[in-house]
Number of protein chains: 2
Amino acid sequence: MKRLRLELKKDIDRSYDVLVGRGILASLHSEIQRLGRFSSFGLITDEVVKPLVAEPLQNQLRSNSIDTTLIALPPGESAKTIETVLDLCQQLLAQGFDRRSLLLAVGGGVVGDIAGFAAAIYMRGIPYIQVPTTLLAQVDSSLGGKTGVDLPSGKNLLGAFHQPRLVLSDLDVLASLSSEAKRDGFAEVIKAALIEDPDLFSILEKEGADLLNTSNPLLEMIIAKACDVKCRVVNRDEHESGLRRVLNFGHTLGHALEAAANYNITHGQAVAAGMAVAIRFSQRWAGLTKEEAARALDLIQKLGLPTDIPENIDPQALLGPLEKDKKIQAGICHFVLLAEIGRAVIHPVPVNEMRHSLTQIKELRDFNN
Amino acid sequence: MKRLRLELKKDIDRSYDVLVGRGILASLHSEIQRLGRFSSFGLITDEVVKPLVAEPLQNQLRSNSIDTTLIALPPGESAKTIETVLDLCQQLLAQGFDRRSLLLAVGGGVVGDIAGFAAAIYMRGIPYIQVPTTLLAQVDSSLGGKTGVDLPSGKNLLGAFHQPRLVLSDLDVLASLSSEAKRDGFAEVIKAALIEDPDLFSILEKEGADLLNTSNPLLEMIIAKACDVKCRVVNRDEHESGLRRVLNFGHTLGHALEAAANYNITHGQAVAAGMAVAIRFSQRWAGLTKEEAARALDLIQKLGLPTDIPENIDPQALLGPLEKDKKIQAGICHFVLLAEIGRAVIHPVPVNEMRHSLTQIKELRDFNN
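Within each chain, residues carry numbers counting from 1 in the order of the written sequence. Here chains are named by letter from A upward and ligands by number from 1 upward, in the order in which they appear as written. In view of the model being predicted, local features appear only for residues whose pLDDT reaches at least 70, and side-chain atom pairs are presented and counted only at 80 or more, with totals across whole chains, interfaces and linings using the full set of residues. No hydrogens and no water enter the side-chain calculation; it runs on all heavy atoms of the structure.

Things to note about the relation of the copies chain B and chain A
1) Next: The copies were overlaid with a least-squares fit restricted to C-alpha atoms from residues scoring a pLDDT of at least 70 in each copy. Least-squares fitting of chain B to chain A yields an RMSD of 0.0 Å, with the superposition described by an axial translation of 0.0 Å and a rotation of 180°. The transformation relating the two chain copies, once decomposed into turn and shift, fits a two-fold axis. For chain B, the residue whose C-alpha comes nearest the rotation axis is B:Asp11, separated from it by 2.1 Å.

Written as structure tokens, this is what we have:
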């Protein structure tokens, strides 16, 4: 037998800039030019973002000699299917897009996921830029190259890691967000602070509900700090083999909650409730002090986010989705907990113990009622 | 504006072994164990390969404590669609496959492309092994991590680069191949010799048609040498940004020919004819001597492969598919030519000049008739 070796040991640099500021969409054309030459440009958005951001952006790019083909997807999570991705790819093909074409994903997390996944598989991968237009996407989903779509049986079951070439987050577009969408975004900002940045936590604690005013002058710095947390974690563990899991703080239960609620709860609300439970778990298993737990729960509440599992959801019902969740391996759920504010630890919790704890939450609730 | 940087400069090692030998399927279980621990195993094959190789392999793995779920795809290139990939992913999901499951792609190039692409996108990527069962797949498609499916408007338009963890090529499975399938495989072996390995060329030249006897004792060495060429080229240029293009020797016109013939020609025959034209182009543009060109054409002929575009195809009809081909950029086709046997060069040929040359081929043919 001959044993050959296909050597693929490489020093690969896929680093990219993350720009955060006010009015910076105006400089997108020069940022594109810094990245190199492209054969064509696709501006991928959804029907809601199209008139608000995408069309003005298309005009501005055109006046700077960048002609884009604008493709608007149906809005909302229900569009996050492989069919939407395939339809998008067919449109790119019909427009003659080749391997040197550039996509711009202009929208919230769903647009970023769909356009990013299309960029990942179209002709085995073409470059793309993230232009997130929601706070949630700016501080979380636009960063780190996770793309994907849902299947009827679960979220993000098909996808790829495909890093963007640039992320450009303009705070001016946040003004048109609903209060709910702003609060949703802050769930991820709070998460960033709790897992990795105690200074950011102090700033958030001090500003409180004032943060929901998008003209707050601290917002640029806060968003940049939250982005920086994510950048550092992704740098340590691009493919979520271990360290990146800290980004799942509040998300393991959050995702289960979304499923148990048939997605009649926003992602931010679900993550906030998931963090709240994880904070209580952290007291029990990871040594988080009672005082820090109270401060963390208080901040979640100040920003108008839930600190408990909604009354209409049986806590034990969360185990069904958890058992189907791809993050459970061999009866163990790698739970992200806090040792202190700003320091996350990964704690392997047997599903049995979680079941017990969730039962206690239910019993406590029943007792209180 | 804040300019952050998501740093992703990494030293990544995705090297893998390529095993070539007789009877080596018997050691697949120990090779799998060398790779680590997996939560479950999927043996992906097609209905033709299933009784011949996949079922015996499944039994052998089972007797070595590796239980696989066998999933048989419909056979043939017509199955190479995104629908087949999605159907496969749904089956993996139904079987509870998670991110630590391992797929084994047991079959020809189509099975490898489909299973590899499913492995690339299922839960954002799971590991897989290539167990190619045709000569063509052993020396070419199983190596290098190119996966993908066709769209109605073209081949391999959706896909991903996703490297396998191991390639295991057992020569014993080649005995059941048709003569045509063996010849097809040799088109890629000849290509490997022509672009990169003059020694291999001399061996092929000396053995000639005897190579089509799969019990030829030189075959293991020959296949290993052809694999080695591919490994070296992929090492230099994993994502086909430049150097890997030499692997397209004979393929640019070969693909166009397949399209012009509505795929009523085998891949090997199309590549052989494409190489024959490229050899003539090499004489004209790349300084290949008349003698070497004659030797190269002679070898193609000895192995029962065509050295010309089939009579029923108008050479000029090849330009249509070429213009749609993703490898043409801005009116230039980066053509792989030979400076000498064993040394390929990339020659940017304007599409206009190719049109002229193809017209000459047609005129010459008309004159000879």
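A look at the packing of aromatic side chains
Residue and element names in this part refer to chain A.
1) Next: Aromatic pairs are defined between Phe, Tyr and Trp rings, using the six-membered ring for Trp, whenever the two ring centres lie within 6.5 Å; interplanar angles under 30 degrees are classed as stacked, those over 60 as edge-to-face, and all others as tilted. The full count for this structure, using the stated rule, is 6 aromatic pairs over all chains.
2) Next: An angle of 70° between the planes, with centres 6.0 Å apart, marks the rings of Phe38 and Phe41 as edge-to-face.
3) Next: Look at Phe38 and you get buried, because its relative accessible area is 15%.
4) Next: To sort residues, take the accessible area from a 1.4 Å probe on protein chains only and compare it with the maximum for the residue type: under 20% means buried, over 50% means exposed, and anything in between is partly exposed. For Phe41, a relative accessible area of 12% gives the class buried.

Topic: the sheet that holds strand 10 (residues 166–170) of chain A
1) Next: Pairing between two strands requires that DSSP report at least two bridges joining them. The secondary structure listing takes helices from DSSP runs of H or I that are at least 4 residues long and strands from runs of E that are at least 2 residues long, numbered from the N terminus. Spatial ordering of the open sheet is given by 5(A)-4(A)-6(A)-7(A)-10(A)-3(A)-1(B), a layout of 7 strands whose pairing is mixed. Of all strands in the sheet, those with a lone pairing partner are strand 5 (68–73) of chain A together with strand 1 (2–6) of chain B, marking the two edges. The mean angle between the axes of side-by-side strands here comes to 20°, regardless of whether they run parallel or antiparallel.
2) Next: In terms of strand pairing, strand 6 (residues 102–107) of chain A meets strand 7 (residues 128–132) of chain A through 5 bridges, oriented parallel. Pairing of A:Leu104 across the sheet is with A:Ile129, part of strand 7 of chain A.
3) Next: Here, two residues are considered to be in contact whenever any of their heavy atoms come within 4.5 Å of each other. Think of each axis as a best-fit line through the C-alpha atoms, taken over the contacting stretch in the case of a helix, with angles from 0 to 180 degrees between the N-to-C directions. Relative to strand 4 (residues 41–46) of chain A, helix 2 (residues 49–62) of chain A is tilted by about 165°, and along the sheet it contacts strand 4, strand 5 and strand 6 of chain A.

Some thoughts on the domain arrangement of chain A
All names here are of chain A.
1) Next: Splitting chain A by domain gives domain 1 (2–176) and domain 2 (179–368).
2) Next: Just so you know, the domain bounds were taken from an automatic or database domain assignment. For domain 1 and domain 2, the distance between their C-alpha centroids amounts to 27 Å.
3) Next: Counting residues at the interface gives 21 residues for domain 1, matched by 28 residues for domain 2.
4) Next: Buried area is calculated as the accessible area (1.4 Å probe) missing from two parts once they are joined, with the contributions of both summed. Taking both partners together, domain 1 and domain 2 bury about 2,200 Å²; carbon and sulfur atoms supply 62% of that area.
5) Next: Each salt bridge in this description consists of a side-chain nitrogen of Lys or Arg and a carboxyl oxygen of Asp or Glu lying within 4 Å of one another. Taken together, the links from domain 1 to domain 2 amount to 3 salt bridges.
6) Next: Asp140 serves as the salt-bridge partner of Lys230, at 3.0 Å between the closest nitrogen and oxygen.
7) Next: N or O atoms within 3.5 Å of each other form a polar contact, as long as, within protein, one can give a hydrogen and the other can take it, and as long as residues adjacent in sequence are counted only when both atoms are side-chain atoms. For the interface between domain 1 and domain 2, the tally reads 4 residue pairs in polar contact (both at pLDDT 80 or more).
8) Next: At the level of secondary structure, the elements contributing two or more residues to the side of domain 1 that touches domain 2 comprise strand 3 (16–21), helix 5 (135–141) and strand 9 (154–161).
9) Next: By residue number, the principal contributor to the side of domain 1 that touches domain 2 is helix 5, which donates 5 residues.

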